[in-house]
Amino acid sequence: MNRSLRALFGLTATAATIALTVPAMSSAANASPASPSDLDNTSHARDLAQARSFLFTYTFNNHLKVAGGNFTVDHRVFVAVKFNNGVTKFSRWVIARTHPVTPGGAVYVETTIAAPCSGSKNGYAQAYDEATRTWSPRLPVTICQRID
């Protein structure tokens with residue numbers, strides 16, 4: 001009998017806990033952030049962070065090509081390739097356009113830098129979105145140097 005009562009009370013306590021927890025969870029999920037600091041803990045903040053501009057590189061016509069996405073469509077983007085010491089090897093202003101594969105405003109720039117080449121990452125590519133006044137993260141690249 002004691003065992004039956006304990007099992008019944010245990011089951012009742014579990015059901016009560018679930019009944020009290022589920023409404024609290026559902027109202028918290030539908031609530032909007034109380035302050036801007038609360039925004040950091042929402043999925044909306046993660047979506048915004050994922051929308052940050054990005055770059056990637058590849059070789060085309062024996063040149064380094066810099067491309068990227070999540071820039072402002074129909075606005076200017078400054079694309080630069082620099083040595084790690086800050087000296088600019090290549091730079092150009094381009095207009096970000098929609099692209100079927102690349103999200104947001106996309107840029108595709110063929111540089112004058114020879115590629116592919118081996119060696120360490122002696123430089124980086126970075127792009128500036130004029131509309132948002134933000135820089136993309138730096139992308140390490142290998143800048144080929146002619147040795148005559």
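Because the structure is a prediction, the values reported are computed rather than measured.

In terms of helices and strands, the protein chain carries three helices and eight strands. Along the chain direction, N to C, the helices and strands of the protein chain fall in the order α-α-α-β-β-β-β-β-β-β-β. Expressed as a percentage of its 148 residues, the buried residues of the protein chain come to 25%. Considering only residue pairs separated by 6 or more positions, the protein chain has 53% of its internal contacts joining residues 24 or more positions apart. Accessible surface, the protein chain: about 10000 Å² in total, of which carbon and sulfur atoms supply 57%.

By the definition in use, this model includes two salt bridges. Between Arg-97 and Asp-74 there is a salt bridge, with the nearest N and O atoms lying 2.8 Å from each other. On the criterion of sequence distance, the pair formed by Arg-97 in the loop between strand E4 (88-95) and strand E5 (105-114) and Asp-74 in the loop between strand E2 (63-71) and strand E3 (76-83) is long-range, its members being 23 residues apart. Glu-130 is the salt-bridge partner of Arg-76, the closest N and O atoms lying 3.0 Å from each other. Separated by 54 residues along the polypeptide, Arg-76 in strand E3 and Glu-130 in the loop between strand E6 (123-129) and strand E7 (134-135) bring together distant segments of the chain. A relative accessible area of 36% means that Arg-76 is categorised as partly exposed.

Before going further, it helps to spend a moment on a nonpolar patch on the surface. Together, Phe-56, Tyr-58, Phe-60 and Tyr-108 give the surface a local cluster of nonpolar side chains, amounting to about 330 Å² of exposed area. Its place among the elements puts Phe-56 in strand E1 (residues 54-60). By relative accessible area, Phe-56 is classed as partly exposed at 30%.

Here the focus is the nonpolar core. Residues Val-66, Phe-71, Val-77, Val-79, Val-81 and Val-107 are the most contacted members of the largest nonpolar core, which totals 19 residues. Those elements that provide at least two residues to this core are E2, E3, E4, E5 and E6. Ranked by the residues each element gives to this core, the list is headed by E3, at four residues.

Moving on, we get to the pairing of E3. Note on strand geometry: in a regular strand, side chains alternate between the two faces of the sheet. In this sheet, E4 lies alongside E3 in antiparallel orientation, the contact comprising seven bridges. Among the inter-strand pairings, Phe-78 is bridged to a residue of E4, identified as Trp-93. What sits between E3 and E4 in their antiparallel hairpin is a turn of four residues, with Gly-86 showing a positive phi close to 95°. With seven bridges joining them, E3 and E6 adopt antiparallel strand pairing. Along E6, the bridge assignment pairs Lys-82 with Tyr-124.

With respect to the secondary-structure elements, Asp-129 resides in strand E6. When residues no more than four places from it in sequence are discounted, the contact partners of Asp-129 are Phe-71, Thr-72, Arg-76, Val-77 and Thr-134.

Let's shift gears to the confidence of the model for the protein chain. Per-residue confidence for the protein chain gives a mean pLDDT of 77, with 64% of residues at or over 70. Counted against residues more than four places away or in other chains, residues 5-49, with its pLDDT under 50, gives eight contacts.

Glancing now at the sheet that holds E2. Pairing within the open sheet is antiparallel, and its three strands lie in the order E1-E2-E5. Only two strands of the sheet have a single partner each, and these edge strands are E1 and E5. For this sheet, the mean angle separating the axes of adjacent strands, direction not counted, is 25°. With seven bridges joining them, E1 and E2 adopt antiparallel strand pairing. In the strand pairing of E2, Tyr-58 is matched with Lys-65.

Cut-offs applied
- Residues numbered from 1 in each chain as written.
- Predicted model: local features only at pLDDT ≥ 70, side-chain atom pairs only at ≥ 80, totals over all residues.
- Heavy atoms only, no water.
- Helix = DSSP H or I, 4+ residues; strand = E, 2+ residues; numbered from the N terminus.
- Buried < 20%, exposed > 50% of the residue type's maximum accessible area, 1.4 Å probe, protein only.
- Contact = heavy atoms within 4.5 Å.
- Areas by Shrake-Rupley, 256 points an atom, 1.4 Å probe, with all protein chains shown as cover.
- Salt bridge = Lys/Arg side-chain N within 4 Å of Asp/Glu carboxyl O.
- Patch = residues over 30% accessible without salt bridge, like charges linked within 9 Å, V, L, I, M, F, W, Y side chains within 5 Å.
- Core = buried A, V, L, I, M, F, W, Y, C linked by side-chain atoms within 4.5 Å.
- Pairing = 2+ DSSP bridges.
- pLDDT = per-residue confidence, 0-100.
- Axes fitted to C-alpha atoms, helices over the stretch in contact; angles between N-to-C directions.

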